[in-house]
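Read off the chains here:
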Amino acid sequence: MPVTRRQFIKRSAGMVTVGLVLPKFWLGEARADQPSFNPNRKFVVIQLAGGNDGFNTVIPYTDSRYYALRPTLSFKETELKDGNGHSTILSDGPFGLHPAMSEIRDLYDQRKVAIVLGAGYPNQTLSHFLAMDIWHTADTSGLGSRGWLGKYADLALVGAPSLSAVSIGSLDLPKSLSASKVVVPSIINFSLYNFLADPGYSGDYANQLNAFNENASRSFPQDTFLGAINSTAFESVQGAQQVQRSVNSYSSSVVYPSNNPLAVGLQMVAQLMTTVPEASLLYVSLGGFDNHSDQIGNRNDRTNKLIGDHALLLRWFSQAVKLFYDDLQEHNLADEVVMLQWSEFGRRPGENASFGTDHGTAAPVLVIGNPVHGGLYGEQPSLAASVLDRNGGNPEFTTDFRGVYSTILDKWLNVDSKAVLGAQYANVGFLG
């Protein structure tokens, strides 16, 4: 496979980090048209990978068709209570949240959660890989090469400080952040995010770092490929050193549980945001939502809806988001952060014979934070038999997911959404 210039530069920087650079030979447009970078408008993406079951996340408990299609998996009105017996029914619509989502329910009651119903796109695919590509790139052909946030970065983050955009918890960069003019680092672990040296020799780190800095200080014309490689490598090591200096100064009274992988990731986001002021575009993910079986219950209690894979994942999600929000509050950053939760598709309305659900189409999207106008947006997809498709009994989408993106781009990130998405989409309304 041919290696692109961006990939080659990334690999040339070694295992340490890849910062944002300004490779001038890639840029032809005038800088005057570049949107201003505002580090006080922070955006966190939470991907629920595998296809989250939207019908058992935002539950249409008044819809008789929901119960007909899910005789075992459905939650009755009397079952919509959290572990403390508090109702998870929403006050402004015929929906309840999964009982494992009490923290999200509390934030919703405070009008800090917008639920966008029925998010999807025309001719939805049931393939994980193609669906993720579409959501990552906002290109429904599935042929997009740059991510929607990568396009945003190419407009707004060129020349911005290193670590303005970061992927957390994975070595693989989410395609959402794939860009042409900037390179976004992936940090799986802060302790490993450093200049690598032989730990068996106490002086090896300083010796290698000094040698690297001497080589990287050589002068090359900035408009050449070699100059771009040199600049990227130098900024990579500087970025790693900045992370090591900064995150160690993080302090918080919030305790993130180590057995919740999303909480671990969001704590890393908090560490960066509270100690690196320019960190403004952060990405984390939680996998495991492809619940074809054992969505509820376990071997000892097959029909218990409060246990099982889906309940555990939603509990992790809800708990992690609230802890992260509390951390932001403690550090006076809650007014500066918007969170977006998405998954590549929902699950089929009808349950299967394995206490699970198969690949679906439309599903709700959550937007969370102090700047958000909380409430319900869009229209719930109909579960009428005459509307469900013949291929799997899936509903039609009611809100184009690109409208969610465009609202965030226009109203929060202050960039022309049409320049990123290629077309204008309706403002969903959850941001002022």
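Residues numbered from 1 in each chain as written. Predicted model: local features only at pLDDT ≥ 70, side-chain atom pairs only at ≥ 80, totals over all residues. Heavy atoms only, no water.

Draft legend 1. Representation of unusual backbone geometry. Backbone geometry at Asp294 places phi at a positive 55°, although glycine is not the residue there. Its identity as a non-glycine residue notwithstanding, Phe355 has a phi of 60°, on the positive side. What makes Phe355 partly exposed here is its relative accessible area of 22%. (Buried < 20%, exposed > 50% of the residue type's maximum accessible area, 1.4 Å probe, protein only.)

Draft legend 2. Highlighting the pairing of strand 11 (residues 363-368). Within strand 11, six of the six residues are buried, which leaves the element mostly enclosed by the surrounding structure. As paired elements, strand 4 (residues 113-120) and strand 11 share five bridges and run antiparallel to each other. Bridge pairing links Ile115 to Leu366 in strand 11. In the sheet, strand 8 (residues 337-342) pairs with strand 11 via three bridges, with the strands oriented antiparallel. Bridge assignment links Gln341 to a residue of strand 11, and that residue is Leu366. (Helix = DSSP H or I, 4+ residues; strand = E, 2+ residues; numbered from the N terminus. Pairing = 2+ DSSP bridges.)

Draft legend 3. Region of the structure containing helix 10 (residues 401-411). Here helix 10 lies mainly inside the structure; nine of its 11 residues are buried. Within the sequence span of helix 10, burial applies to Phe401, Arg402, Gly403, Val404, Tyr405, Ser406, Thr407, Ile408 and Leu409.

Draft legend 4. View of the pairing of strand 5 (residues 165-168). Of the two faces of strand 5, both are covered, the one formed by Ala165 and Ser167 as well as the one formed by Val166 and Ile168. The sheet contact formed by strand 5 and strand 7 (residues 281-286) spans three bridges and is parallel. Bridging from a neighbouring strand, Ser167 pairs with Tyr283 of strand 7.

Draft legend 5. The side chain of His128, seen in detail. Examined against the element boundaries, His128 turns out to sit in helix 4 (residues 128-137). Side-chain polar atoms of His128 contact the side chain of Asp290, separated by 3.0 Å. Apart from residues no more than four positions distant in its own chain, His128 is found in contact with Gly50, Asp290, Glu344, Phe345 and His359. (Polar contact = N/O pair within 3.5 Å; in protein donor to acceptor, adjacent residues only side chain to side chain. Contact = heavy atoms within 4.5 Å.)

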